Amino acid sequence: MRSLFAVVLCVASFAALSPAADPPAASRPALAVHNDFEGGSAKVLSIDQDAGVVRVQPGGDPKLGWPCWWSFKLTGIDRARTLTIVIDASGLKDHAGKPFDPSWALPARAAWSRDGRTWRQTADGKAGKGSMTYTVEVEAGEAHFAWAEPFTGTTAAEFIRQVAARCKDAQPFVLCRTPGGRDVPAVRFGQPAPGKLGVWVQARQHAWECGSSHVAAGLVHWLAGDDERAAALRRRTCITVVPVMDVDNVAVGAGGKNQPPHDHNRDWSDKPLYASVAAAQKEILSLIRQGGLEVCLDLHNPGKNDREPFFFLPPREQCSDANWADYQRFLAGLRQEMVGPLTYKGRTRESGPKYDPKMWRFMGASWMRQATDGHTVAMTLETPWSLSECSTDNLRRVGRELGLAIELYLRDRRCAAQPAWEKDTMQILFIGNSYTYVNDLPRMLSTLAAAGPRKLRIQTDRQVEGGQSLMGHWNKGQAVEKIRKGGWDFVVLQDQSLTPAMRPQLTKEYAPKLDAEIRKVGATTVFYMTWARKKDPPMIDKLSRTYTEVARELGAAVAPVGLAWKAAIEQRADLELFAADGSHPSPAGTYLAACVFYATLIGEDPTKLPPGAVKAVPAETARFLQTIARDTVTAQAAAPSGLDSPPAPQPRK
Ligand SMILES: [Zn+2]
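About the cut-offs
Residues numbered from 1 in each chain as written. Predicted model: local features only at pLDDT ≥ 70, side-chain atom pairs only at ≥ 80, totals over all residues. Heavy atoms only, no water. Helix = DSSP H or I, 4+ residues; strand = E, 2+ residues; numbered from the N terminus. Rg over C-alpha atoms; globule rule 2.2 N^0.38 Å. Buried < 20%, exposed > 50% of the residue type's maximum accessible area, 1.4 Å probe, protein only. Contact = heavy atoms within 4.5 Å. Areas by Shrake-Rupley, 256 points an atom, 1.4 Å probe, with all protein chains shown as cover. Lys, Arg positive; Asp, Glu negative; His and termini not counted. Charge placed at Lys NZ, Arg CZ, Asp CG, Glu CD. Pairing = 2+ DSSP bridges. Axes fitted to C-alpha atoms, helices over the stretch in contact; angles between N-to-C directions. Donors = N, O, S within 2.8 Å, 3.2 Å for Na, K, Ca; no water. Tetrahedral: all angles 85-135°; square planar, octahedral: opposite > 155°, others 65-115°. Parallel < 35°, antiparallel > 145°, perpendicular 65-115°, else oblique. Left-handed = near helix turned anticlockwise from the far one by under 90°. Phe/Tyr/Trp six-rings, centres within 6.5 Å; stacked < 30°, edge-to-face > 60°. Polar contact = N/O pair within 3.5 Å; in protein donor to acceptor, adjacent residues only side chain to side chain. Expected span 1.5 Å × (residues − 1). Nonpolar A, V, L, I, M, F, W, Y, C, P; charged D, E, K, R; others polar. pLDDT = per-residue confidence, 0-100. Salt bridge = Lys/Arg side-chain N within 4 Å of Asp/Glu carboxyl O.

Student: I'm lost on the overall build of the protein in this one. Help?
Tutor: Each helix and strand in the protein was counted, giving 18 helices and 24 strands. The C-alpha atoms of the protein give a radius of gyration of 29 Å, which matches the 26 Å a tight globule of 653 residues would have. Each principal axis of the C-alpha atoms in the protein carries an extent, and together these give about 95 × 55 × 45 Å. When the 653 residues of the protein are sorted by exposure, 60% land in the buried category. Of all intrachain contacts in the protein linking residues separated by at least 6 positions in sequence, the fraction that spans at least 24 positions is 76%. Of the roughly 26000 Å² of accessible surface on the protein, a fraction of 52% belongs to carbon and sulfur atoms. Across the protein, the 80 positively charged side chains and the 70 negatively charged ones have centroids separated by 2 Å.

In structure tokens:
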């Protein structure tokens, strides 16, 4: 592995003394190449101090994949001058010791920067034998040079933080931590929910393919912006973007591609080697269970001679007619939206057995397609990097245009799985105790749904018993019998009101047993997060933690009723959500629970419900509780880690 300690590589020039006007060579700062930073990679071949010619070779360890990436800082620039940067990749070897094609290291234009933050392109380089020569006018000080504008794990985290600061729908999360101890940053727009259209985009399974991270960043930047079509997409979908998958190799300046025993994009088996692949698989499966995935995109950079963006598609014979038609429709949209300067002209290539007979199953897009039961569009986008046009701005533009094409594709699309809320009638089984049956929560939910804009029919059944827990329901068996009758869209699980706070291990032991039964009949599990006792408000932290953890583990949904109660009590202390015993709900308390279920299960805004639908709750109170329910469900859904209580919704100005 390349050494991680500071390396300063400097080859002093012992040329003849400089002209009299210059200070003596010995007292002048000498040009020096540094690679001791995240993503740094360069090996100095020679430095001609007087002529300002710096000759370097990519420095990545071939055991960590193709040694084509380079990035370094040059210090000791004592005056404004012309520098000649020669990237000499002629002697490179791959991990097996075979000669490595130098052209992978030689883009038409390099990227350079004064401060390592603001980058621009050089002029076109001059190609030599296995080398490229870039000429740059610089001012005194230091300058950075790289294969392309660097984009590391740290860049991704900072970029996502900035995006989240200006777009409330953008939720940063950490996909996983790598063996190198680094975070893999990711961002999600919108909530996974039954009936929500899901999109998964990841970049940089091959560390050297820096351009694909800029495409991902362009997509995220557009998504977070004011464009009406971006806002529409955010509303309708749940989109996750991982800008850098192979964070470790990116950090040490290695290429990643063909890293033995196999690289990230051949790691999509049941037992992945790489933490980010394992975490992505888990996340994708959880998204499929929560709402479904319609579009999966793996972003790459292609070979040097590929001069326009193109897509790898699965073989035609592996797709149903309907699925193939979806691919064609998506590609047609791409032709319409991706207009350049990097223009999509309709080119595709086939992945699958013809592309890699041995490993095709274990490639990202193949795995995604298999995981999503074949109704999904799962493709690899290859964006060129070798041309003069491949500036950061143009790569980001590809990302934006990709977003527009996704919006166009999903505009009229409904979930292939026909989730419950798109039907007219919904079947729900409630399993719980008095927190469910006092004031008849199931019936109140049906009343609200019937009064709402969609006039939805909710038919319910229940297995309820005073003080009962999930453990008790499991052991007694009637709950499982009811689940097995089948026909449910959702099964709601409510544990005994103290158990998730006082004995969370019991919730975590029995919820999965019931969930497994629910899954067998094709229904979705929804946890009913209950509220803290009146005399013990902090109890909600433990309750919400247990329910969200268990739901995340199972890929189930949570109706965050307890968090809505907390927010309502904080804002309106005068409002009584409790019955006289300080434990059970008043009609207003049950009304709030019903609104939270309405928002969670149907995915619609409870503030659109007529406030007079439930007689026991005054209209003014109903309006307030509807708003609390909407804001709580939005905030809860926007916390993809699921491990922290979302912030309580703030009162609207
Ligand atoms: Zn690749």
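Student: Whenever I open this one, the sheet that holds strand β20 (residues 425-432) confuses me. Can you help?
Tutor: The pairing of strands in a sheet comes from backbone hydrogen bonds and takes either a parallel or an antiparallel form. Taken together, the five strands give an open sheet; going across it, the order is β21-β20-β22-β23-β24, and neighbouring strands pair in parallel fashion. This sheet does not close on itself; its edge strands, each paired only once, are β21 (457-464) and β24 (557-559). Each neighbouring strand pair of the sheet contributes to a mean axis angle of 25 degrees, computed without reference to strand direction. When β20 meets strand β22 (residues 490-493), the two strands line up parallel, connected through four bridges. Residue pairing across strands places phenylalanine 430 opposite valine 492, the latter belonging to β22. Those strands touched by helix α15 (residues 539-554) are β22, β23 (524-528) and β24, and its axis lies near 175 degrees from that of β23.

Student: Hey, could you run me through the coordination of the zinc ion in this one?
Tutor: Around a metal, the perfect tetrahedron of four donors has angles of 109.5 degrees, and the perfect octahedron of six donors has angles of 90 or 180 degrees. Looking at the zinc ion, the protein donor atoms are His206 (ND1), Glu209 (OE), Glu209 (OE) and His300 (ND1), and they sit 2.0 to 2.4 Å from it. One can describe the site at the zinc ion as irregular: its four donor atoms subtend angles covering 57 to 142 degrees at the metal. In primary-sequence terms, the residues that donate to the zinc ion follow H-x2-E-x90-H. Taken as a pair, histidine 206 in the loop between β14 (197-203) and α2 (210-223) and histidine 300 in strand β16 (residues 295-300) lie far apart in primary sequence, 94 residues in all.

Student: Looking at this model, I keep getting lost on the packing of helix α3 (residues 228-236) against helix α8 (residues 392-410). Mind explaining?
Tutor: When two helices pack together, their arrangement is given by the angle between the helix axes and by the axis-to-axis distance. Across the interface, α3 lies against α8 with an axial gap of 10 Å and an inter-helix angle of 55 degrees. As far as their axial angle goes, α8 and α3 are oblique. For α3 against α8, the interelement crossing comes out left-handed. From α3, Arg229, Ala232, Leu233 and Arg236 reach across to α8, where they touch Gly403, Leu404, Ile406, Glu407, Leu408 and Leu410.

Student: I tried to follow the pairing of strand β3 (residues 43-48) on my own but got confused; where do I start?
Tutor: Consecutive side chains of a regular strand alternate in pointing toward one face of the sheet and then the other. The pairing of β3 with strand β4 (residues 53-57) spans five bridges and is classified as antiparallel. Within the sheet, the bridge partner assigned to aspartate 48 lies in β4 and is valine 53.

Student: In this structure, what is going on with unusual backbone geometry? I would like to understand it.
Tutor: Excluding glycine, most residues fall at negative phi; most peptide bonds, likewise, are trans. The omega angle of the peptide bond from proline 260 to proline 261 is 0 degrees, so this bond is cis rather than trans. With respect to the helices and strands, proline 261 occurs in the loop between α4 (247-251) and α5 (275-290). Positive phi values are uncommon outside glycine, yet aspartate 440 reaches one of about 55 degrees. When you line up the elements, aspartate 440 lands in the loop between α9 (434-437) and α10 (441-451).

Student: Sorry if this is basic, but what is going on with the packing of aromatic side chains here?
Tutor: Between two aromatic rings, the relevant description is the distance of the centres plus the angle of the planes. Within the structure shown, the criterion is met by 27 aromatic pairs. Taking the centre distance of 6.1 Å and the plane angle of 35 degrees together, the rings of tryptophan 70 and tyrosine 134 count as tilted. Of this pair, tryptophan 70 sits in the loop between β4 and β5 (71-77) while tyrosine 134 sits in strand β10 (residues 131-138), placing them 64 residues apart in sequence. For tryptophan 70, a relative accessible area of 0% puts it in the buried group.

Student: Explanation requested: the side chain of arginine 266 in the structure shown.
Tutor: By secondary structure assignment, the location of arginine 266 is in the loop between α4 and α5. Looking at arginine 266, its side chain comes within polar contact range of the side chain of aspartate 356, at 2.8 Å. Among residues more than four places away in sequence, those in contact with arginine 266 are Tyr355, Asp356, Met359, Phe362 and Met363.

Student: Explanation requested: helix α6 (residues 321-337) in the structure shown.
Tutor: Residues that lie three or four places apart on an α-helix share one face, since the helix turns once every 3.6 residues. Along its 17 residues, α6 runs 24 Å from first to last C-alpha, staying within 8% of the 24 Å computed at 1.5 Å per residue. Taken residue by residue, α6 has Asn323, Trp324, Asp326, Tyr327, Phe330, Leu331, Gly333, Leu334 and Glu337 as its buried positions.

Student: Hey, could you run me through the packing of helix α14 (residues 504-520) against α15 in this one?
Tutor: Orientation of α14 relative to α15, taken along the N-to-C sense of each, is 35 degrees, at an axis distance of 10 Å. As for the relative orientation of α14 and α15, their crossing is right-handed in sense. Facing α14, whose interface residues are Pro504, Thr507, Lys508, Ala511, Pro512, Asp515 and Arg519, α15 presents Thr546, Glu549, Val550 and Leu554. Classifying every residue of the contact of α14 with α15 by side-chain character gives five nonpolar, two polar and four charged.

Student: Which parts of the structure should I look at to understand the confidence of the model for the protein?
Tutor: The predicted structure's coordinates, where accompanied by low pLDDT, should not be read in detail. Mean pLDDT for the protein: 90, with 91% of residues reaching 70 or above. Of the regions scoring below 50 in pLDDT, residues 415-420 engages in 15 contacts with residues more than four places distant in sequence or in other chains. Confidence drops under pLDDT 50 across residues 639-653; counting only partners more than four residues distant or on other chains, this segment forms 29 contacts.

Student: Would you explain the sheet that holds β16 in this entry?
Tutor: The strand order β12-β13-β15-β14-β16-β19-β17-β18 describes an open sheet built from eight strands, whose pairing is mixed. Of all strands in the sheet, those with a lone pairing partner are β12 (170-177) and β18 (348-350), marking the two edges. The sheet shows a mean angle of 25 degrees between the axes of neighbouring strands, direction not considered. Where β16 meets strand β19 (residues 377-382), six bridges bridge the pair, whose relative direction is parallel.

Student: Would you take a moment to explain the pattern of salt bridges for this structure?
Tutor: A side chain with one charge can pair with a side chain of the opposite charge if their charged atoms come near. One pass over the structure, following the stated rule, counts 38 salt bridges. Here lysine 73 and glutamate 142 are joined by a salt bridge, their closest N and O atoms 3.9 Å apart. Here the residue lysine 73 occupies a position in strand β5, and glutamate 142 occupies one in strand β11 (residues 141-146), the gap between them amounting to 69 residues. By sharing partners, the salt bridges in this structure join Arg229, Arg236, Glu337, Glu407 and Arg411 into a single network.

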